[in-house]
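Breakdown of the fold
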Amino acid sequence: MKRVLSGIQSSGKLTIGNYIGALKNYVKLQDTHECFFSIVDLHAITVPQKPEELKEQTEAVAALYFASGVDPNKSSVFVQSHVPAHAELGWIMTTLSYMGEFERMTQFKDKSRKQDSIGVGLFTYPGLMAADILLYNADLVPVGDDQKQHLELTRDLANRFNQRFGECLKIPEPYIPEVGARIMSLDDGSNKMSKSNPNPNSYIAMLDEPDVLRKKIKRSTTDSGRDVLFDPVNKPEISNLMTIYSYCSTLSIKEIEQEYEGKGYGPFKKDLAEHVVATLEPIQQRYKEIRSSGELSKYLKQGAEQAADVANETLREIKEKMGFVLPY
Ligand code: TYM
């Protein structure tokens, strides 16, 4: 069975972008693949986090995995810091990387622009991400479009390792949805929807109350004109809303165009809001149940044990190949 690894940072609220770009595919892949899904808290601390918030967000992301349909009996779900091999291989990967490679990463450029002083962890972030993936010899990595560059670097590092120390690491393939890989912000169709945007009206959080969802969608920015047409270049904002609509309903983009022909943006947005509510409400309900059930720590312990079994074996092989003296 082919193997899958992916992760989401425990920094801030998850958005419908995370759901469409990543989580939905996790749920799909778990029936046909051996899946490892991580809540990457070591990545989250590459920007300052308040201790009580980090804890809350880590548990919230884990609960959202399960609420979205990730099944602890099919997939191993674990917190990255519970498997110390990640930090250890992360260090090894940074020693195989070049400054220029990390400097080129657009996520680093974007995030460092927003900081007064740039943390070293933000810079070496891709080394740790490569470790996450390579520890599991993952065949596939389901991610949104913004992680493509990190994936390419991971592949380069795996190849470099194999050439220098002998074949050992699997070269992973990205798994990026054709539509929905880049859900845009509600207030600006040229910006990615992001949980770290200071304006909460720019994103649909998975845990937004139904009335908040309706309000945000109603006031979302739309392109000039009134035709509901899919044209990401000339009509990025309405096209983005149509992508969300399509994911939250059974209608294809073409069918949405037909449905709203001549009706304008108003009725489209009203229906979109109801589809988003109908998609997120059951997830929110399950989320509440999971959080109050006290089961979360049990699932995460089980996931970490399963993950550590695989990760520790790979790390041992890597260290052996590199000439480390292994513990006696
Ligand atoms: P993160 O935590 O920013 O996002 C988690 C996943 O959600 C996707 N995503 C989106 N997809 C579509 N539209 C959007 N607006 C949108 N926003 C986010 C991301 O592409 C991602 O798949 N570096 C990673 C976390 C990570 C990781 C890994 C991922 C660490 N180690 C190993 C895969 C494998 C990140 O920052 O994702």
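The preceding data block contains the structure.
Quick look at the structure, then. Please read these numbers as outputs of a predicted model, since none were measured by experiment. Think of each chain on its own: its residues are numbered from 1, step by step along the sequence as written. Local features in this predicted model are restricted to residues of pLDDT 70 or higher, and side-chain atom pairs are both shown and tallied only at a pLDDT of 80 or more, whereas totals for entire chains, interfaces and linings draw on every residue. Hydrogens and water are ignored here; the side-chain numbers use all heavy atoms of the structure.

With that settled, consider empty space enclosed by the protein. Definitions used throughout: a 1 Å grid over protein atoms alone; a cavity as a set of points that fits a 1.4 Å probe which cannot get out; a pocket as an open set with protein on both sides within 12 Å along at least five of seven lines; a lining residue as one with an atom within 4 Å of a point. Grid points are joined across faces, edges and corners, and a volume is the space filled by probe spheres set on the points. In the structure shown here, the tally under the stated rule is two cavities of 30 Å³ or more. Counted as a void, the largest cavity has a volume near 40 Å³. Runs of E in the DSSP output that reach at least two residues are strands. Runs of H or I that reach at least four are helices, and both are numbered from the N terminus. Elements supplying a minimum of two residues to the lining of the largest cavity: helix H6 (106–113) and helix H7 (120–134). Of the residues assigned to the lining of the largest cavity, the class counts are five nonpolar, two polar and one charged. One number sums up the size of the second largest cavity: a volume of about 30 Å³. Every residue lining the second largest cavity is listed: Ser185, Leu186, Gly189, Thr221, Glu237, Asn240 and Leu241. Ten residues, namely Ala, Val, Leu, Ile, Met, Phe, Trp, Tyr, Cys and Pro, are considered nonpolar, four, namely Asp, Glu, Lys and Arg, are considered charged, and the remaining ones, Gly among them, are considered polar.

Lining the immediate surroundings of the ligand are 28 residues, of which Tyr125, Asp132, Gly144, Asp146 and Ile183 lie closest. Polar contact is defined as a pair of N or O atoms within 3.5 Å, subject to the rule that within protein one atom must be able to donate a hydrogen and the other to accept it, and that residues adjacent in sequence are counted only when both atoms are side-chain atoms. In the environment of the ligand, a nitrogen atom lies 2.6 Å from a nitrogen or oxygen atom belonging to the side chain of Asp132. Residue Gly144 places a main-chain N or O atom 2.8 Å away from an oxygen atom belonging to the ligand. Where accessible areas are quoted, they stem from the Shrake-Rupley method and a 1.4 Å probe; at the residue level, only the protein chains shown are allowed to cover. Considering the ligand on its own, with 700 Å² of exposed area, one finds that the protein chains cover 97% of that surface. Per-element tally for the shell around the ligand: the top contributor is strand S1 (residues 3–9), with five residues. Of the residues assigned to the shell around the ligand, the class counts are 12 nonpolar, 11 polar and five charged. The nearness test applies per residue and asks whether one of its heavy atoms lies within 4 Å of the molecule or strand.

Glancing now at the packing of helix H3 (residues 51–67) against helix H12 (residues 265–293). Note on definitions: angles span 0 to 180 degrees between N-to-C directions of axes, and those axes are lines fitted to C-alpha atoms, for helices only across the stretch in contact. Running from amino to carboxyl end, H3 crosses H12 at an angle of 125 degrees, the nearest separation of the two axes being 9 Å. Classified by the angle their axes make, H3 and H12 are oblique. When the axes of H3 and H12 are compared, the crossing they make is right-handed. Of H12, the residues touching H3 (which contributes Glu56, Glu59, Ala60, Ala63, Leu64, Phe66 and Ala67) are Ile283, Arg286, Tyr287, Ile290 and Arg291. Split by residue class, the contact of H3 with H12 holds eight nonpolar, no polar and four charged. Orientation labels follow simple angle bins: below 35 degrees gives roughly parallel, above 145 gives roughly antiparallel, 65 to 115 gives roughly perpendicular, and whatever is left gives oblique. Here a crossing is called left-handed whenever its near helix is offset anticlockwise from the far helix by less than a right angle, and right-handed whenever the offset is clockwise. Only heavy atoms matter for contacts: two residues are in contact if any of them lie within 4.5 Å across the pair.

What follows deals with the environment of Gly180. With respect to the secondary-structure elements, Gly180 resides in the loop between strand S5 (173–175) and helix H9 (210–218). For Gly180, a relative accessible area of 8% corresponds to the buried category. For the pair Gly180 and Gly144, spaced 36 residues apart in sequence, the C-alpha to C-alpha distance is 7.9 Å. Beyond its immediate sequence surroundings of up to four residues, Gly180 is in contact with Ile20, Gly21, Thr243 and Tyr247. Accessible area is worked out with a 1.4 Å probe on protein chains only. A residue is then buried under 20% of its type maximum, exposed over 50%, and partly exposed in between.

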